[in-house]
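Survey of secondary and tertiary structure
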Number of protein chains: 2
Amino acid sequence: MKLIADNLRITKDSIRQALAKKDPIPIQALVTRCVQQGAHGIDINTGPLGKDSESAMVFFIKAVEQVTDLPLLIDTTNPAAMAAGLAVARNKTIINGISLEPAKLEQILPLAKKYKTDLIGFLLYPDSRVPKDSSERFEIALELLARVELAGVAKEHLIIDPVVPPLSWDDGLFRARELLKTISMLPELLGFPVRTIAGLSNLTTGVIDKSRKTLVETTYLSMLAAAGLNYLMLDILNPHTRLAARAATLLTREDIFSWESLA
Amino acid sequence: MKLIADNLRITKDSIRQALAKKDPIPIQALVTRCVQQGAHGIDINTGPLGKDSESAMVFFIKAVEQVTDLPLLIDTTNPAAMAAGLAVARNKTIINGISLEPAKLEQILPLAKKYKTDLIGFLLYPDSRVPKDSSERFEIALELLARVELAGVAKEHLIIDPVVPPLSWDDGLFRARELLKTISMLPELLGFPVRTIAGLSNLTTGVIDKSRKTLVETTYLSMLAAAGLNYLMLDILNPHTRLAARAATLLTREDIFSWESLA
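Counting of residues starts from 1 at the beginning of each chain's written sequence and follows it residue by residue. Both sets of labels track the order of writing: A upward for chains, 1 upward for ligands. Predicted model: local features are reported for residues with pLDDT of at least 70 only, side-chain atom pairs are reported and counted for 80 or more only, and whole-chain, interface and lining totals are derived from all residues. Excluded from the side-chain calculation are hydrogens and water; included are all heavy atoms of the structure.

**Details of the packing of helix α2 (residues 25-36) of chain A against helix α3 (residues 53-65) of chain A**
Residue and element names in this part refer to chain A. Stated formally: Helix axes are fitted to C-alpha atoms over the stretch in contact, other axes to C-alpha atoms as well, and angles between N-to-C directions run from 0 to 180 degrees. Under the DSSP-based scheme used, a helix requires at least four consecutive residues in state H or I and a strand at least two consecutive residues in state E, with every element numbered from the N terminus. For classification, angles of less than 35 degrees are called roughly parallel, those exceeding 145 degrees roughly antiparallel, those between 65 and 115 degrees roughly perpendicular, and all remaining angles oblique. With the far helix as reference, a near helix turned anticlockwise by less than a right angle produces a left-handed crossing, and one turned clockwise produces a right-handed crossing. Residue contacts are defined here by distance: any two heavy atoms, one from each residue, within 4.5 Å place the two residues in contact. Each residue receives one of three labels: charged for Asp, Glu, Lys and Arg, nonpolar for Ala, Val, Leu, Ile, Met, Phe, Trp, Tyr, Cys and Pro, and polar for the others, Gly being one of them.
At a minimum axis separation of 9 Å, α2 and α3 run at an interaxial angle of 50°. When the axis of α2 is compared with that of α3, the two are oblique. At the point where α2 passes α3, the crossing takes the right-handed sense. Packed against α2, whose contacting residues are Ile-27, Gln-28 and Val-31, the element α3 presents Phe-59, Phe-60, Ala-63 and Val-64 at the interface. Of the residues assigned to the contact of α2 with α3, the class counts are 6 nonpolar, 1 polar and no charged.

**Brief notes about the sheet that holds strand β1 (residues 2-5) of chain B**
Residues and elements named next belong to chain B. Threshold: Two strands pair under a simple rule: DSSP has to find at least two bridges between them.
Taken in spatial order, the 8 strands close into a barrel running β1-β2-β3-β4-β5-β6-β7-β8, and their pairing is parallel. Strand-to-strand, the axes of this sheet are offset by a mean angle of 25°, without reference to chain direction. Both strand β6 (residues 158-161) and strand β7 (residues 195-199) contribute to a ladder of 2 bridges, which runs parallel. Within β7, the position partnered with Ile-160 by the bridge is Thr-196. Where helix α4 (residues 79-88) meets the sheet, its contacts fall on β3 (72-75) and β4 (93-98), and the angle it forms with β4 comes to roughly 165°.

**Remarks on the pairing of β4(B)**
The two faces of the sheet receive side chains in turn, since in a regular strand these alternate between them. Residues and elements named next belong to chain B. We apply this condition: The buried label applies to any residue whose accessible area, calculated with a 1.4 Å probe on protein chains only, is under 20% of its type's maximum; exposed applies above 50%, and partly exposed to all values in between. When the strands point away from the viewer and the connection leading from the first strand across the helix to the second strand turns clockwise, the crossover is called right-handed.
Of all 6 residues making up β4, 6 are buried, and the element is well covered by its neighbours. The pairing of β3 with β4 spans 4 bridges and is classified as parallel. For Leu-72, the partnering residue across the bridge sits in β4 and is Thr-93. Of the crossover connections in this fold, the one passing from β3 over α4 to the parallel β4 is right-handed.

**Points about the side chain of Thr68(B)**
Residue and element names in this part refer to chain B. Filter applied, for reference: As used in this structure description, the phrase polar contact means that two N or O atoms lie within 3.5 Å; if the pair is within protein, one of them must be able to donate a hydrogen and the other to accept it, and residues adjacent in sequence are counted only when both atoms belong to side chains.
Mapped onto the fold, Thr-68 is located in the loop between α3 (53-65) and β3. In this structure Thr-68 comes out as buried when scored by relative accessible area, which is 6%. Polar contacts involving the side chain of Thr-68 include one to the main-chain amide nitrogen of Leu-70, which spans 3.0 Å.

**Structural notes on the packing of aromatic side chains**
Here a ring pair, both rings aromatic, is described through the centre-centre distance and the interplanar angle of the planes. Residues and elements named next belong to chain A. The condition that has to hold: Pairing of aromatic rings covers Phe, Tyr and Trp, the last counted by its six-membered ring, and requires centre-to-centre distances within 6.5 Å; plane angles under 30 degrees mean stacked, over 60 mean edge-to-face, and any other angle means tilted. Lysine NZ or arginine CZ positioned within 6 Å of the ring centre and within 35 degrees of the ring normal marks a charge as sitting over the ring.
Under the criterion given, the structure shown has 2 aromatic pairs over all chains. With a centroid separation of 5.8 Å and an interplanar angle of 55°, the aromatic rings of Phe-59 and Phe-60 are classed as tilted. Here Phe-59 matches Phe-60 in class, with each residue buried. Residue placement shows Arg-129 over the ring face of Tyr-125; its charged tip is 4.4 Å from the ring centre.

**Concerning the confidence of the model for chain A**
Fine structural detail should not be taken from predicted coordinates in areas where pLDDT scores are low. What counts here: Every residue carries a pLDDT, the predictor's confidence in it, which falls somewhere between 0 and 100.
Chain-level statistics for chain A give a pLDDT mean of 94 and a share of 96% at 70 or above. We note a pTM of 0.92 for the whole complex and an ipTM of 0.88 for its interfaces.

Quick look at the structure:
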């Protein structure tokens, strides 16, 4: 399981201010810490961005690339910003992401072909509703795969994000369990070893108590790893979550156990 | 997932001395702490016991029953001690356990019928070798089930222990993963909702570094829970392992999520 840092988010004051001042230093300091903690990729979550979205994205990409060669997940719903980021990036990029939402299929999906990148497909209905169970998720996955191939993108570029539910929903527990089933069955169902990604932060949305939040996150990420998840998006600067993710990766690896991998 | 305290072991000096002096206090103090930490059952691991094995077992059972009504797992390879414990116990008892080893099939298995108790069956070859993969485990499970029914014990009394491997074995990781598969597939394979139990302590046999040990244990127990394990034997006095086991139980429960269950 590869670890993707979800720490670079425009919702953080320091990052928003860095963008406003076009000051790369706070962004680079944050990304450098993520790299030091063993991230395998950096999610650049800029949100939709407003006017000057293209130059804002270019600023982010250039700032990050000055401190790391890691793959970058470009995380925006803004097609112009996405295109600008893909055009300027030198690191490997991943489009994060598309769904069956028509605007995304029309404006973002074609960018995966143009820039020959991987792209993340969310298992959501076209109106962004979350599917209820694994059979609904499988139908959406099949439809997404069909759309991706129709757009001339090789299926191997698709990485599926089944969308982790908040446990606080009435049926949050049920959904969280169904998600594990979805992850473990997707490769067989789609007929090729499709990769999967999941973001951990959604699970405990709204929870204040930090230790309970971490406890539930570390438990669930172990289950995600056992289900065969390929990429985990997480707060890699939380030492508990990070260590648990490394231990889970260690236990699901196809080689000889070594305690050193936990160092 | 129910939690069985594995803390009461004759290998501990304090417990061995308590038995020598027939002093129930150290045993009761330990068991009381396990009960306070939410154990759902107590494993009484007396080892084979020497001479006076029957009176020793009776002493253990009576000492424990004075402080708890929880189910007791009688954990000995000595048939006479097992019989003495089952005969004297007032709490619910579980025989821990049998395997395909001829002596156990002949001398311990019949006690499950006589005392109408649940019994744990280890997935080991008759010579106590550990099976290598899940297909070998399934064959052994089918054979065990046949032996149990042949002995006049209803199959619903059987609880299967697939035997957690030490990760330090050359193929420890592979075996640990195969075990998860075994647990999740056993009910379907045996054709009824057979219960499963696993002991966590074996996983990190020989490991000195306490924090690494705990990290790997908490990760693996989450995977066991996700695979559908019914009973986890653990050091319930380790707060990290205990909390992780509660969180894993919470995430695999069939009801509404509640943070209070982690309190």
